[in-house]
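# Secondary and tertiary structure notes
Spelled out from the first residue to the last, the chains are:
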Amino acid sequence: MKEITGAAALVSALKSEGVRHIFGIPGGAIIPVYDVLYEEPSVRHILVRHEQAAAHAADGYARALGKPGVCMATSGPGACNLVTGILNAYMDSSPVVAITGQVPTSFLGTDAFQEADLLSLMLPITKHNFLVKSVQELVEAVRKAFQIAMAGRPGPVHIDLPRDVQTSKAEVKIPAEVLRRRKERYEPDPHRVEEAVKLIEEAERPVLFAGGGVIWSGASPELVELAELLGAPVVTSLMGKGSIPEDHPLSLGMLGMHGRRAANLAVTECDLLIGVGVRFSDRSTGDARHFAPKAKIIHIDVDSVEIGKLVRADVPIVGDAKRTLREILKALRARAKRGVRSEWRERILQMRREFAPKMDYDDVPLKPQRVIKEIMEVLDEDSVVVTEVGQCQMWAAHYYTVRGPRKFISSGGLGTMGFGFPASLGAKVALPHTKVVDVAGDGSFLMNSQELATAVENEINVVCCIFDNSYLGMVKQWQDLFYGGRRSQTYLGKSPDFVKLAEAYGAWGDRVTRPGEMAPKLREALKCGKPAVLDVVIDPEEHVLPMVPAGGKLDQMIVGD
Amino acid sequence: MRTRIFSVLCENVAGVMMRVSRCFTRRQINMDSITVGIEPSGLARIIILFQADDKMTAFMRKILLRLEPILEVQVLEPENSIAREICLFKTRKLEEEEMSETIRLVQSAGGKVLEIREGSLIGEIGGNHEEVERLLSSLGQGMLKEVARSGQVYLSRNNRGSS
Ligand SMILES: Cc1ncc(C[n+]2csc(CCOP(=O)(O)OP(=O)(O)O)c2C)c(N)n1
Ligand SMILES: [Mg+2]
């Protein structure tokens, strides 16, 4: 067997995991790896302009593709810049593998130049992390990292790679299989399934509550089948958006603080709630003690920690969403058929009609609802919408009709401003033939707008639609509603000129100010052959409504007109 | 809230104690004691004592099981397990009379005198927590100059601990 360097071993280990893209920035402590990448045609490295963007791009890539995304950085400052992005991936259960250079092992712990204690820093924000000390350990860590990232509930994994390990030579074998002693439980306990089926049969008004776990386990077909079999509506968390095509008659859209009224009311009225691959976050449930007050709860999740953590579960089922739903469907079909709850179904369809969100505003300044409506006219069911954080995000989550899994990507658990644009670049790299649109806020976009350079240089042609309200709008909304309109430090003003900013980077820029302009300009932007920025000037006074105040009850919403 | 005992079997990898202990810190739980030993298999067994109610105990067990190096978490109940701890102690300089009284106290409590040097005694007591406590309190704070305790280790009486 031939001796190879750690750096070469890393790259071939990555290749054997099927890695084709890496987002990153080099530096002193990881030059040996970049030296190998220099002549490696099968791995495309995308040079970003800030490491936070590398992590978000890898995250967006992973969510769009359903496979791990990889980011890379140098030691110290480079690695620390990844931290927000890794935590974001952890909170939203996204499989990101992060690899960072580290000072040589003999310097560890000495405050050497650009040393940071990454083992400690990454430990609480990853599913697992490694500090590898030898070339053999390195190749095993890579194999494990990819397994762990995807096993059960997905999540990020970090490998810290001292410089001397990159340069030292060893005979290594890329292991076909590595021993992971810990094993996830995917198959549901049949007794629990039986209990669940009993509750389902008895229920008059069942509701399905789907989270990101449905998407990661590929359980959308089973989810829709169960909904149709029962005549039960499906509500989703932000992560679960797209788990059912939202134009399906039984889809009520997102639940919670900025959820749809019909979704919040259905949950309040239901007598059985089936949570699938969802963690009942406070943004979804409001006051957990009054969540689904009339309902028994079945909670299905592959991560047992989530079950019973925030909301009581009458039937807890630890298992993979797809396999569990299949078992439930099988058992239901084998029984005397109860079939569709027609009365409940009628009520759902009626709520869906009654509370259909209004979007056809003609106002100037533009209403964001109108902008989303025009975006929907242009995008097809395959298109991916990525969002930033704030009002823009909640308008997209509330109004945009997603027609399939992995077509709506947003920062949920961490709510990270600056996520959307780099994540959209990751999604576009993953799906080069798909239209990718970032629904951005002016504040969020500026947190990673330097990535316009990355997009232009690498010809990653996404369209960023900035919902420009000159405010940190979501914070302003809270100030308006709960702090007597005292808008402390939320006015952003008129700088920069986003069109000129785009042009300065060599991207395409245009401004949208009137109803009817968005659709044609978005079409043009998608066809212009460059990354594009649309500065969409919207009404700064608009709030995201309805809204359930933090800790409130879902049926007690602040409503608009 | 009462004392809970976890017996955690895990891979003996760097940082595993940190991984385990931060799970408790993050949930505002102070550990009463944490000890670790390596089993013949090369795996490590960590014994953790902490105060919690039933719900938190079940939650913490699942939290630990989610960690990659952790293979098994047994919840030990005091009545189904054997507990031991060892304690070394050094007295201040003793007068002759005090010394013979101290030696008597230590020996009658089942302890051992390990060394007497320059009028100060180094002794050992092993046993369950109460036995150790009893001797230490009968010696009294004024007498003891230094105390080193192992923390409690537990072994399940069953072949499988309740989990
Ligand atoms: C990194 C980060 N800093 C601060 C916040 C707090 N925050 C939440 S929404 C928001 C305003 C976002 O403004 P903008 O991107 O313009 O979106 P808008 O709400 O105006 O649509 C802020 C500051 C955050 N979520 N993330
Ligand atoms: Mg704004």
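This text gives an overview of the structure that appears in the document. (Residues numbered from 1 in each chain as written. Chains lettered and ligands numbered in written order. Predicted model: local features only at pLDDT ≥ 70, side-chain atom pairs only at ≥ 80, totals over all residues. Heavy atoms only, no water.)

### Here we look at the pairing of strand β19 (residues 508-512) of chain A
As a general feature of sheets, a regular strand has side chains that alternate between the two faces. Residues and elements named next belong to chain A. Stated precisely, the cut-off is as follows: Only protein chains enter the accessibility calculation, which uses a 1.4 Å probe; a residue is then buried when its area is under 20% of its type maximum, exposed when over 50%, and partly exposed in between. Each helix is a run of DSSP H or I of at least 4 residues and each strand a run of E of at least 2, with the numbering of both proceeding from the N terminus. Any two strands with at least two DSSP-identified bridges between them are counted as paired.
The buried fraction of β19 is high, at four of five residues. Pairing geometry for β19 and strand β20 (residues 532-537), over five bridges, is parallel. Looking at the pairing, Asp-510 lines up with Leu-534 of β20.

### A word on the packing of helix α1 (residues 16-26) of chain B against helix α2 (residues 54-65) of chain B
Residues and elements named next belong to chain B. Condition: Lines fitted to the C-alpha atoms define the axes, with helices restricted to the stretch that makes contact. Angles between their N-to-C directions range from 0 to 180 degrees. Take the far helix as the reference: if the near one is turned anticlockwise from it by less than a right angle, the crossing is left-handed, and if turned clockwise, right-handed. Contacts are assigned to residue pairs with any non-hydrogen atoms lying within 4.5 Å of each other. Residues are sorted three ways: Asp, Glu, Lys and Arg are charged, Ala, Val, Leu, Ile, Met, Phe, Trp, Tyr, Cys and Pro are nonpolar, and all the rest, Gly among them, are polar.
For the pair α1 and α2, interaxial distance at closest approach is 10 Å and the crossing angle is 145°. Helix-helix and strand crossings are classified by hand; for α1 and α2 the assignment is right-handed. For the pair formed by α1 and α2, the contact residues are Val-20, Cys-23 and Phe-24 on the first element and Met-60, Ile-63 and Leu-64 on the second. Broken down by class, the residue content of the contact of α1 with α2 amounts to six nonpolar, no polar and no charged.

### Overview of the coordination of the magnesium ion (ligand 2)
All names here are of chain A. In plain terms, the rule: Only N, O and S atoms count as donors, using a 2.8 Å cut-off from the metal and 3.2 Å for Na, K and Ca, and because water is excluded some sites may appear unfinished.
Distances from the magnesium ion (ligand 2) to its protein donors, namely Asp-442 (OD), Asn-469 (OD1) and Tyr-471 (O), fall within the range 2.0 to 2.2 Å. All donors of the magnesium ion (ligand 2) come from a single chain, and their spacing in sequence reads D-x26-N-x1-Y. Placement of Asp-442 in helix α18 (residues 442-447) and of Tyr-471 in the loop between β18 (463-468) and α20 (473-482) is noted, with a sequence separation of 29 residues between them. Take Asp-442 and Tyr-471: they sit in the same class, and that class is buried.

### Looking at the packing of aromatic side chains
All names here are of chain A. As a reminder of what qualifies: By convention, a stacked pair of Phe, Tyr or Trp rings (six-membered ring in the case of Trp) has centres within 6.5 Å and planes under 30 degrees apart, an edge-to-face pair has planes over 60 apart, and any other such pair is tilted.
By the definition in use, this model includes 11 aromatic pairs over all chains. Judged by centre distance (6.0 Å) and plane angle (65°), the ring pair of Phe-445 and Phe-498 falls under edge-to-face. Of this pair, Phe-445 sits in helix α18 while Phe-498 sits in helix α21 (residues 498-504), placing them 53 residues apart in sequence. The residues Phe-445 and Phe-498 share a single accessibility class, namely buried. The structure contains a cluster of three or more aromatic residues connected by ring pairs, namely Phe-209, Phe-280 and Phe-291.

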